[in-house]
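Summary of the model geometry
Each chain is listed here by its residues.
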Amino acid sequence: MTATTWGSEQLDLDAYLARIGYDGDRRPNLTTLRQLHAAHSAAIGFENLEIVLGRPILLDLDSLQAKMVRQRRGGYCYEQNLLYAAALERLGFRVSGLGARVRMGEDIVRPVTHALLRVELDGEDWITDVGFGGEALLAPLPLRDGVEERQGAWTFGLAYEKETASWVLRSRHEDGWFDLYSFGTEQRFAVDYAVFNHYISTHPRSPFTGKIVVQKPGLDQRRTLVGRELTRVGADGSREAREVAPEEIPALLASDFGITLAPADAKALVATYQQ
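Please read all numbers here as calculations on a predicted model, not as lab measurements.

With that out of the way, let us pick up the packing of helix H2 (residues 30-43) against helix H5 (residues 77-90). The N-to-C vectors of H2 and H5 enclose an angle of 150°; their axes lie 12 Å apart at closest approach. Classed by the angle they form, the pair H2 and H5 counts as roughly antiparallel. Crossing geometry of H2 relative to H5 is assigned as right-handed. Together, Leu33, Leu36, His37 and His40 of H2 and Gln80, Tyr84 and Leu88 of H5 make up the contact between the two elements.

Structurally, the position occupied by Ser201 is in helix H6 (residues 190-202). We classify Ser201 as buried; its relative accessible area is 13%. A distance of 2.7 Å separates a polar side-chain atom of Ser201 from the backbone oxygen of Asn197. Filtering out sequence-adjacent residues up to four positions away, Ser201 remains in contact with Ile51, Ile57, Tyr76 and Thr209.

Under the counting rule described, the total for this entry stands at 9 aromatic pairs. For the pair Tyr76 and Tyr78, a centre-to-centre distance of 5.6 Å together with 90° between the ring planes defines the contact as edge-to-face. Pair check on accessibility: Tyr76 and Tyr78 agree, each one buried. Here the aromatic rings of Tyr160 and Trp167 are separated by 5.2 Å at their centres, their planes lie at 65°, and the arrangement is edge-to-face. Judged by its relative accessible area of 13%, Trp167 is buried. A network of ring pairs unites the aromatic residues Trp6, Phe46, Tyr76, Tyr78, Tyr193, Phe196 and Phe208 as a single cluster. It is Arg172 that lies over the ring of Trp177; its NZ or CZ is 4.2 Å from the centre.

In this structure, Tyr16, Ile20, Leu36, Tyr78 and Leu88 are the most contacted members of the largest nonpolar core, which totals 45 residues. Elements that contribute at least two residues to this core include exactly helix H1 (13-19), H2, helix H4 (61-70), H5, strand E3 (112-121) and H6. Sequence-distant contacts of Ile20, that is, excluding residues within four places in its chain, are made with Leu36, Ala39, His40, Ala43 and Ile44. Core analysis: the next-biggest nonpolar cluster, separate from the first, contains 21 residues, Val102, Leu158, Phe178 and Leu180 among them.

So, about the side chain of Arg19. Summarising the element assignment, Arg19 is placed in helix H1. Buried charged residue Arg19 carries no salt bridge. Nearest counter-charge: Glu47, at 7.8 Å. Here the side chain of Arg19 touches Arg73 through a polar contact of 3.1 Å, landing on its backbone oxygen. In this structure, Arg19 is in contact with Ala43, Ile44, Met68, Val69, Arg72, Arg73 and Gly258, ignoring residues within four places of it in sequence.

Pairing is antiparallel across the open sheet formed by 5 strands, whose spatial order is E1-E10-E11-E12-E13. Each end of this open sheet is capped by a strand with a single partner; those strands are strand E1 (46-47) and strand E13 (239-243). Pairing of strand E10 (residues 213-216) with strand E11 (residues 221-226), which is carried by 4 bridges, proceeds in the antiparallel orientation. Its bridge partner being in E11, Val213 is matched across the sheet by Val226.

Every other side chain in a regular strand lies on the same face of the sheet, so the side chains alternate between the two faces. Turn length for the E10-E11 hairpin, with the two strands adjacent in sequence and antiparallel, is 4 residues. For E11 and strand E12 (residues 229-234), the ladder comprises 6 bridges, and the chain directions are antiparallel. Bridging from a neighbouring strand, Arg222 pairs with Val233 of E12. Remark: 2 residues form the turn of the hairpin made by E11 and E12, two consecutive strands paired antiparallel; Gly227 in that turn has positive phi of roughly 65°.

Let us now look at helix H7 (residues 249-257). For H7, every residue scored as buried is listed here: Ile249, Leu252, Leu253, Asp256 and Phe257. All buried residues of H7 fall inside an arc of 105° around its axis, so they share one side. Opposite the buried face of H7, at more than 90 degrees from it, the exposed residues are Ala251 and Ser255. Looking at the buried side of H7, the elements it contacts are helix H3 (49-52), E10, E11, E12 and helix H8 (263-274). Just beyond H7, the residue with positive phi is Gly258, at close to 65°.

Calculation criteria
- Residues numbered from 1 in each chain as written.
- Predicted model: local features only at pLDDT ≥ 70, side-chain atom pairs only at ≥ 80, totals over all residues.
- Heavy atoms only, no water.
- Axes fitted to C-alpha atoms, helices over the stretch in contact; angles between N-to-C directions.
- Helix = DSSP H or I, 4+ residues; strand = E, 2+ residues; numbered from the N terminus.
- Parallel < 35°, antiparallel > 145°, perpendicular 65-115°, else oblique.
- Left-handed = near helix turned anticlockwise from the far one by under 90°.
- Contact = heavy atoms within 4.5 Å.
- Buried < 20%, exposed > 50% of the residue type's maximum accessible area, 1.4 Å probe, protein only.
- Polar contact = N/O pair within 3.5 Å; in protein donor to acceptor, adjacent residues only side chain to side chain.
- Phe/Tyr/Trp six-rings, centres within 6.5 Å; stacked < 30°, edge-to-face > 60°.
- Lys NZ or Arg CZ within 6 Å of the ring centre and 35° of its normal.
- Core = buried A, V, L, I, M, F, W, Y, C linked by side-chain atoms within 4.5 Å.
- Lys, Arg positive; Asp, Glu negative; His and termini not counted.
- Salt bridge = Lys/Arg side-chain N within 4 Å of Asp/Glu carboxyl O.
- Pairing = 2+ DSSP bridges.
- Arc of directions from axis to C-beta.

All quantities given are derived from atomic positions and should not be read as evidence of function.
Below you can see the structure in the form of structure tokens.
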């Protein structure tokens, strides 16, 4: 098999699809794309535990499969969307990478540190992103100005921002639209994500260095664990938060986020929070 953009010739497709619980159609159409996105989001949690455990984030496909497929761990945006891109490519989708500037409701120009994907289907572009964490898309969106879509109990929208020449992904909150991130249409490659990954996994100002950040989007509830604070946010606006004891964390990762830690990693993580 010849080399591909996302290394899909190295992917164990059957193992990946089993990991996300997908046994549907494998033809590259919109129904398949929607179902794959939903299955991946439901199965694989967002996490930065390698950084907390003092290990580098590896982005080669063999490492991604070992971690997220065979070990049943999670990952953050570069890990998840690179694995997902390889699967889409292997199934015959035309998929390219994009880069985004995270906003999270703030009018601040941040560097490009987030990865998302664009898929071309029947002459139309769609964005699909399984790696944004708690407020992530649950399904692809057509790349059209003004589009709105209900996904589970949540509503997402896309708007083209002329002043910055960029697209903005938004989530509807009780007080109106909430900007999640902005992105352009310049194509990004795995080598670009390797550079972004180095910054986000090592820089002291990165939100992912120094504390646990684990997130899981859901159809009617969003769950996050940041440091030792566990938060569950419901679509009705309800919010439950509590501090968890260090020894609770491994079991909580499994029950709430679908993340399975090896015994040695579980012990090391608990020890980190007992210091």
